[in-house]
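# Close look at the chain arrangement
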Amino acid sequence: ELKVEQNPLFLSMQEGKNYTIYCNYSTTSDRLYWYRQDPGKSLESLFVLLSNGAVKQEGRLMASLDTKARLSTLHITAAVHDLSATYFCAEDMRFGAGTRLTVKP
Amino acid sequence: DARVTQTPRHKVTEMGQEVTMRCQPILGHNTVFWYRQTMMQGLELLAYFRNRAPLDDSGMPKDRFSAEMPDATLATLKIQPSEPRDSAVYFCASGLVQDGRFGANVLTFGAGSRLTVL
């Protein structure tokens, strides 16, 4: 069965702290996508990772892809409240369950 | 910016009624997806089309759900009869898939149709 698994599913962080969200997938895919969803809103593309070792960064978020381990990570550096959202990883059209991130002052 | 347009944005109906949700994908995108989002099940892939042809609808309850793409500018998702357990947000997304690969082309999601079945 094709699976995309994220952990943790819920993450409560203090502002200023660092944390990593993990995404494991079951195929031999060489690409992985991250999306963000704000409460009550739609999903928006965040990162596109298209090869083994790919790393993308935007602001306090950095995503990486290890195709050999079938693992992608989304690292949050010095979290701020504006990062509070649900983050999804996807292997093409298949999405993980999402990680609901809450950043507290 | 090009957008995926979904209607209606909100729908409240009674059990047993027919519900039709519509989606206008981005012009030039060749693949259209329907997803359902609930707190319990997360984001479920219901069905998708490539060049208007249905490729996979295994995620849909066949007895009551149907998805069609009558032309390149319109995809529909119909529920008949609707049940309270169908209450969810239904998202349409479109993308450009080439040679079976998404590549750098991500999915663009519509704003969603929030369905409440009483």
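To keep things clear, this report deals only with the structure shown in the data block. (Residues numbered from 1 in each chain as written. Chains lettered and ligands numbered in written order. Predicted model: local features only at pLDDT ≥ 70, side-chain atom pairs only at ≥ 80, totals over all residues. Heavy atoms only, no water.)

## Some points on the nonpolar core
Residues and elements named next belong to chain A. Among the nonpolar cores identified, the biggest contains 24 residues, and Trp 34, Leu 61, Leu 74, Ile 76, Tyr 87 and Leu 101 are the most heavily contacted of them. Among the elements of the structure, strand S2 (10-14), strand S3 (19-25), strand S4 (32-37), strand S5 (43-49), strand S7 (61-66), strand S8 (71-76), strand S9 (85-91) and strand S11 (99-104) are those that each provide at least two residues to this core. Sequence-distant contacts of Tyr 87, that is, excluding residues within four places in its chain, are made with Gln 6, Ile 21, Tyr 35, Arg 36, Leu 46, Leu 61, Leu 74, Gly 98, Thr 99 and Leu 101. (Core = buried A, V, L, I, M, F, W, Y, C linked by side-chain atoms within 4.5 Å. Buried < 20%, exposed > 50% of the residue type's maximum accessible area, 1.4 Å probe, protein only. Helix = DSSP H or I, 4+ residues; strand = E, 2+ residues; numbered from the N terminus. Contact = heavy atoms within 4.5 Å.)

## With respect to unusual backbone geometry
Residues Asn 7 of chain A and Pro 8 of chain A are joined by a peptide bond in cis, for which omega reads 0 degrees. Relative to the assigned elements, Pro 8 of chain A resides in the loop between strand S1 (4-7) and S2. Here the residue pair Thr 7 of chain B and Pro 8 of chain B is connected by a cis peptide bond, since its omega of -10 degrees sits within 30 degrees of zero. Mapped onto the fold, Pro 8 of chain B is located in the loop between strand S1 (5-7) and strand S2 (10-13). The phi torsion at Ala 78 of chain A lies on the positive side, around 50 degrees, for a residue other than glycine.

## Side note on the interface of chain A and chain B
Residue-level contacts link 16 residues of chain A with 19 residues of chain B. Elements with a contribution of two residues or more to the side of chain A that touches chain B: S4 and S5 of chain A. Broken down by class, the residue content of the side of chain A that touches chain B amounts to eight nonpolar, three polar and five charged. (Nonpolar A, V, L, I, M, F, W, Y, C, P; charged D, E, K, R; others polar.)

## Side note on the packing of aromatic side chains
For any two aromatic rings, the description comes down to two numbers: the centre-to-centre distance and the angle of the planes. Applying the stated criterion to the full structure yields ten aromatic pairs over all chains. On the basis of an interplanar angle of 85 degrees and a centroid distance of 5.4 Å, the ring pair of Phe 95 of chain A and Tyr 35 of chain B is categorised as edge-to-face. On the criterion of chain membership, the pair formed by Phe 95 of chain A in strand S10 (residues 94-95) and Tyr 35 of chain B in strand S4 (residues 31-38) is interchain, its members lying in two chains. A single burial state applies to Phe 95 of chain A and to Tyr 35 of chain B, both of which are buried. Between Phe 33 of chain B and Tyr 48 of chain B, the ring centres sit 5.3 Å apart and the planes meet at 25 degrees, which makes this aromatic pair stacked. Taken together, the residues span a long stretch of sequence, with Phe 33 of chain B in strand S4 and Tyr 48 of chain B in strand S5 (residues 42-50) at a distance of 15 residues. (Phe/Tyr/Trp six-rings, centres within 6.5 Å; stacked < 30°, edge-to-face > 60°.)

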